[in-house]
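Listed below, chain by chain, are the residues.
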Amino acid sequence: MTGIAGNADNKIVEHRPMFHEWATVLPGMICLSRKARNQTFRNYVAAETASPVISCAACLPREDEKQWFFAGIARSKSIRPVDDGIGPSTDEFFTVAIGGMATLLNNSSDVVYPGDVLEWTFYSEKVNSGTSGNVNKRMKTGPRRFGIKVADALSERVIGRALSFAKPGE
């Protein structure tokens, strides 16, 4: 079972997704990399360079946002097959746009207007609030992904500026 469910103490519990669910990447997904002083990947992120990134926020608490930085927006897909118990048979690569225009899904609970500055987040109010609508059902079909929201004035997680209008789920 994936998604978020309540337990007897009314605490939110997130179940660990299967490998093929969290490792699959589709175009338009936000990708992050871990900040680490002992790893040099961040210093070499440039064109034609491989870097370890994730696109799934499942089981990551909001308090850990400070340990990650924006790596880009996925441009190509990497569909992982269901694991047979032996482990992945091949490494799968996908491309990430680190600059320029990209199309994203407005998975926040707010309307995004042209000119709004956007930031990434581990938490999406729309997915976790249990509010109504087809958006909520569609977004709960897999593990929790990184979301967007209108940025605060001094945010360190800014990823860009909206160029068009988008209601939640557009």
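See the structure above.
Rules behind the numbers
Residues numbered from 1 in each chain as written. Predicted model: local features only at pLDDT ≥ 70, side-chain atom pairs only at ≥ 80, totals over all residues. Heavy atoms only, no water. Salt bridge = Lys/Arg side-chain N within 4 Å of Asp/Glu carboxyl O. Helix = DSSP H or I, 4+ residues; strand = E, 2+ residues; numbered from the N terminus. Buried < 20%, exposed > 50% of the residue type's maximum accessible area, 1.4 Å probe, protein only. Core = buried A, V, L, I, M, F, W, Y, C linked by side-chain atoms within 4.5 Å. Contact = heavy atoms within 4.5 Å. Pairing = 2+ DSSP bridges. Axes fitted to C-alpha atoms, helices over the stretch in contact; angles between N-to-C directions.

**Student:** Where do I start with the pattern of salt bridges in this structure?
**Tutor:** Opposite charge on two side chains permits pairing when their charged atoms draw close. Within this structure, the stated rule accounts for three salt bridges. Measuring nitrogen to oxygen at the nearest pair gives 3.3 Å for the salt bridge that ties Arg157 to Glu65. Here Arg157 is found in the loop between β7 (147-150) and β8 (158-161), whereas its partner Glu65 is found in the loop between β3 (30-34) and β4 (68-74), with 92 residues between them in sequence. A relative accessible area of 7% places Glu65 in the buried class. The closest approach of N and O atoms between Lys149 and Glu119, which form a salt bridge, is 3.6 Å. With Lys149 in strand β7 and Glu119 in strand β6 (residues 117-121), this residue pair connects regions lying 30 residues apart in the sequence. Judged by its relative accessible area of 16%, Lys149 is buried. Salt bridges sharing common partners tie together Glu65, Glu119, Lys149 and Arg157.

**Student:** Got a minute to help me understand the nonpolar core in this structure?
**Tutor:** If you look at soluble globular proteins, the nonpolar side chains tend to sit buried side by side. In terms of nonpolar packing, the biggest core is built from 13 residues, with Ile30, Leu32, Trp68, Leu118, Trp120, Phe122 and Phe146 touching the most fellow members. Among the elements of the structure, β3, β4 and β6 are those that each provide at least two residues to this core. Among residues more than four places away in sequence, those in contact with Trp120 are Ile30, Leu32, Glu65, Trp68, Phe69, Phe70, Gly147, Arg157 and Ile159.

**Student:** I would appreciate a short explanation of the sheet that holds β7 in the present structure.
**Tutor:** Backbone-to-backbone hydrogen bonds pair the strands of a sheet. The strands run either parallel or antiparallel. The three strands are arranged β7-β6-β8 in an open sheet whose pairing can be described as antiparallel. Looking at strand neighbours, the two that pair on one side only are β7 and β8, the edges of this open sheet. The average angle at which neighbouring strand axes cross in this sheet is 35°, direction not considered. Across three bridges, β6 lies against β8 in antiparallel orientation. Paired with Val117 across the bridge in β8 is Arg161.

Function cannot be read off these values alone, since they describe shape.
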